[in-house]
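# Structural features, examined
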Amino acid sequence: MNLAHATVLLWVWGSLRAFEIVEKEDIFHRTPCPAFLLFDNAAYLADMSFELPCGCKPEEVSAVVWYYQKRLGSSHTRVLTDFDGRVLTEEAQVRVGSDMLVRFSIRMFSLLVFRAQPEDSGLYFCGTRKGDYFYAYDVDIQSSEGMVATFKDLGQEPFADEHLGSLHIFTTFWEWTPCDRCGVRGERWRIGLCYLQSPDLSPRYQKTLPDVVSCGSQAVPQKLRATAMEHTPELLVQSCVVPCKKTTASRQGVMAIFSYVSKVGSRPWVPQVPIQFHQQRLGHSLVISCPGARPEHAVAWDKDRQYLYRTQYLKGVNRSMRVFIDHGNHLHIRFTQLSDRGIYYCWRQGVRVAGFRLSVTSRGRYRPSFSDPETRSAVELTLIGYLLITAVFVTIHLCRCCRYLFRCCPYLSP
């Protein structure tokens with residue numbers, strides 16, 4: 001490629017990017033900000049990632065700053081900004097339980113919050129560095145703890161709506177996920193979040209339907225909030241069967257060449273998906289995550305040729321479950337046993353994407369760390385035992401000293 005061609009390509013790329021920016025500015029120019037600040041209601045399930053677009057801004061504002069308040073009028077306001085040296089956050093780098101200040105990012109005036117937690121519920125404002133607000137959201141993050149699962153194959157039905165006078169509490173379900181497996185019987189599900197309808201809601205909060213907001217919205221009066229929060233989110237599960245898509249011709253050609261080159265009877269085992277190897281100590285707990293999966297994705301788990309269906313392995317189906325799948329699509333193995341050895345395959349959106357080969361050993365080098373809860377428990381028990389032994393030792397010697405003192409000096413006794 002000569003210099004002239006490179007110049008033309010750079011000019012075309014710059015023109016397209018300029019067109020994109022101008023088009024974005026035209027959208028903000030056509031959408032004036034309201035004179036009175038209102039709040040858009042939005043509800044999500046815990047551990048989900050969401051995006052809050054800045055719906056409007058003045059034309060002269062070139063960069064926005066997002067603010068967070070737990071409640072309207074709170075004296076404590078968090079400033080969420082990617083300027084002044086903050087590095088943009090990627091979702092793959094976010095850990096569960098991290099503070100919100102390291103779980104957000106601002107891109108093209110929109111706020112992205114990764115792995116949202118119920119503590120992140122509140123009011124989000126789009127504004128300037130001076131503290132001028134021109135767009136706001138009322139975000140409700142509903143906890144998955146106590147989430148109720150309903151299996152349609154077993155004849156179960158979702159909970160009925162609750163009518164308490166003028167208060168109407170119900171569940172709003174999302175769209176069905178794709179089938180989590182292909183070629184065999186799989187499962188699909190839909191998440192349902194808690195919503196309510198009441199004429200006593202604050203008029204400052206915008207609603208998609210008249211007098212309808214999520215149960216944890218700031219528009220709900222304090223006297224109704226406790227009643228509404230008793231209605232937990234729901235999960236509706238149903239069986240499904242879909243065919244698998246044909247593999248690409250290039251992969252088939254590579255496998256054909258490999259089969260031809262390999263010797264008959266000595267062909268090595270070649271996995272169809274990437275396999276990760278892990279060695280776990282006997283009796284320890286383990287949590288396996290599917291790469292790139294989110295709580296709203298259709299995720300399935302298999303152990304070798306055994307399908308781990310949610311009908312039997314979903315968290316909460318049986319309280320004594322040692323192996324279960326939580327509502328965030330993670331596979332939990334409590335107190336690993338030798339029978340847990342094998343390959344655990346992960347399906348995402350109906351495609352098998354990864355494998356996890358687990359080996360369980362009763363011996364091996366183990367480096368203790370205070371970040372390990374078992375290590376902390378062992379240290380605490382050791383310290384408590386040492387303190388008890390020390391207390392008993394000191395008490396015995398004090399008693400002996402007192403007894404000896406009373407014998408030698410009888411006039412000291414009462």
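Okay, so let's go over this structure. (Residues numbered from 1 in each chain as written. Predicted model: local features only at pLDDT ≥ 70, side-chain atom pairs only at ≥ 80, totals over all residues. Heavy atoms only, no water.)

This part is about the state of the cysteines. Summed over the entire model, instances satisfying the criterion amount to five disulfides. Here Cys 179 pairs with Cys 240 through a disulfide, and the sulfurs are 2.0 Å apart. Every disulfide takes its handedness from the sign of the S-S torsion; for Cys 179 and Cys 240 that torsion is 95 degrees, giving right-handed. With Cys 179 in the loop between strand E11 (167–173) and strand E12 (185–197) and Cys 240 in strand E15 (residues 234–241), this residue pair connects regions lying 61 residues apart in the sequence. For the pair Cys 179 and Cys 240, a shared accessibility class is recorded, and that class is buried. With a sulfur-sulfur separation of 2.1 Å, Cys 182 is cross-linked through a disulfide to Cys 244. When the S-S torsion is 95 degrees, as for the bridge of Cys 182 with Cys 244, the disulfide is right-handed. Placement of Cys 182 in the loop between E11 and E12 and of Cys 244 in the loop between E15 and helix H3 (249–261) is noted, with a sequence separation of 62 residues between them. Cysteine Cys 399 is unpaired, with the sulfur of Cys 402 as its nearest cysteine sulfur at 6.6 Å. Distance from the sulfur of Cys 401, which forms no disulfide, to the nearest cysteine sulfur (Cys 402) is 6.9 Å. (Disulfide = S-S within 2.5 Å. Helix = DSSP H or I, 4+ residues; strand = E, 2+ residues; numbered from the N terminus. Buried < 20%, exposed > 50% of the residue type's maximum accessible area, 1.4 Å probe, protein only.)

So, on to the side chain of Thr 336. Among the structural elements, Thr 336 can be located in the loop between strand E21 (331–333) and strand E22 (342–348). Side-chain polar atoms of Thr 336 contact the backbone oxygen of Arg 281, separated by 2.9 Å. Other than its neighbours up to four places away in sequence, Thr 336 contacts Gln 280, Arg 281, Leu 282, Gly 283, His 284, Leu 286, Arg 322 and Val 360. (Polar contact = N/O pair within 3.5 Å; in protein donor to acceptor, adjacent residues only side chain to side chain. Contact = heavy atoms within 4.5 Å.)

With that settled, consider unusual backbone geometry. Not every positive phi belongs to a glycine, and Asp 47 is a case in point at roughly 75 degrees. Of note, Asp 47 is situated in the loop between strand E1 (39–45) and strand E2 (50–52). Phi is positive for Asp 304, close to 55 degrees, though the residue is something other than glycine. As for its position among the elements, Asp 304 is in the loop between strand E18 (299–303) and strand E19 (306–308).

This part covers the sheet that holds E19. Taken together, the five strands give an open sheet; going across it, the order is E16-E23-E22-E18-E19, and neighbouring strands pair in mixed fashion. Lying at the two open borders of the sheet, with one neighbouring strand each, are strand E16 (275–281) and E19. The sheet shows a mean angle of 25 degrees between the axes of neighbouring strands, taken without regard to direction. Across three bridges, the pairing between E18 and E19 is antiparallel. Looking at the pairing, Trp 301 lines up with Leu 308 of E19. (Pairing = 2+ DSSP bridges. Axes fitted to C-alpha atoms, helices over the stretch in contact; angles between N-to-C directions.)

Counting across every chain of the model gives three cavities of 30 Å³ or more. Lining the largest cavity are Leu 45, Met 147, Trp 189, Ile 191, Leu 235, Pro 295, Arg 310, Leu 314, Asp 326, His 327 and Asn 329. Grouping the constituent residues of the lining of the largest cavity by class yields seven nonpolar, two polar and two charged. Here the second largest cavity is characterised by a volume of approximately 40 Å³. Every residue along the wall of the second largest cavity is listed here: Phe 151, Lys 152, Asp 153, Leu 154, Glu 187, Val 237, Gln 238, Ser 239 and Thr 311. Here the lining of the second largest cavity takes three residues from E15, the largest share from any one element. Its residues assigned to classes, the lining of the second largest cavity comprises three nonpolar, three polar and three charged. (1 Å grid on protein atoms, 1.4 Å probe; cavity = no way out; pocket = protein on both sides within 12 Å on 5 of 7 lines; lining within 4 Å. Points joined across faces, edges and corners; volume = space filled by probe spheres on them. Nonpolar A, V, L, I, M, F, W, Y, C, P; charged D, E, K, R; others polar.)

Take the packing of aromatic side chains next. Under the counting rule described, the total for this entry stands at 10 aromatic pairs. Seen from their ring centres, Phe 39 and Phe 125 are 5.6 Å apart, and the 80 degrees between their planes marks the pair as edge-to-face. Of this pair, Phe 39 sits in strand E1 while Phe 125 is found in strand E7 (residues 122–127), placing the two residues 86 residues apart along the sequence. The exposure class of Phe 39 is buried, given its relative accessible area of 0%. For Phe 125, a relative accessible area of 3% corresponds to the buried category. Taking the centre distance of 5.1 Å and the plane angle of 25 degrees together, the rings of Phe 39 and Tyr 205 count as stacked. Remark: Tyr 205 occurs in strand E13 (residues 205–206) and Phe 39 occurs in strand E1; sequence separation between them is 166 residues. (Phe/Tyr/Trp six-rings, centres within 6.5 Å; stacked < 30°, edge-to-face > 60°.)

The side chains of a regular strand alternate, first on one face of the sheet and then on the other. In this structure, E16 lies alongside strand E23 (residues 351–361), joined through seven bridges in parallel fashion. Bridging across to E23, Gln 279 finds its partner in Ser 359. By the bridge criterion, seven bridges tie E22 to E23 in an arrangement that is antiparallel. When the bridges of E23 are listed, Ile 343 appears paired with Arg 357.

This part covers the nonpolar core. Residues Leu 52, Trp 66, Leu 111 and Tyr 124 are the most contacted members of the largest nonpolar core, which totals 40 residues. Take this core: its biggest share by element is five residues, from strand E8 (residues 133–142). Core analysis: the next-biggest nonpolar cluster, separate from the first, contains 19 residues, Val 65, Leu 123, Leu 167 and Ala 228 among them. (Core = buried A, V, L, I, M, F, W, Y, C linked by side-chain atoms within 4.5 Å.)

A cluster of nonpolar side chains, Phe 393, Val 394 and Leu 398, forms an exposed patch at the surface whose accessible area comes to about 300 Å². The topology assignment puts Phe 393 in helix H5 (residues 373–408). (Patch = residues over 30% accessible without salt bridge, like charges linked within 9 Å, V, L, I, M, F, W, Y side chains within 5 Å. Areas by Shrake-Rupley, 256 points an atom, 1.4 Å probe, with all protein chains shown as cover. Salt bridge = Lys/Arg side-chain N within 4 Å of Asp/Glu carboxyl O.)

Once that is clear, we can look at the side chain of Ser 105. By the element assignment, Ser 105 lies in strand E5 (residues 104–107). Here the side chain of Ser 105 touches Arg 107 through a polar contact of 3.3 Å, side chain to side chain.

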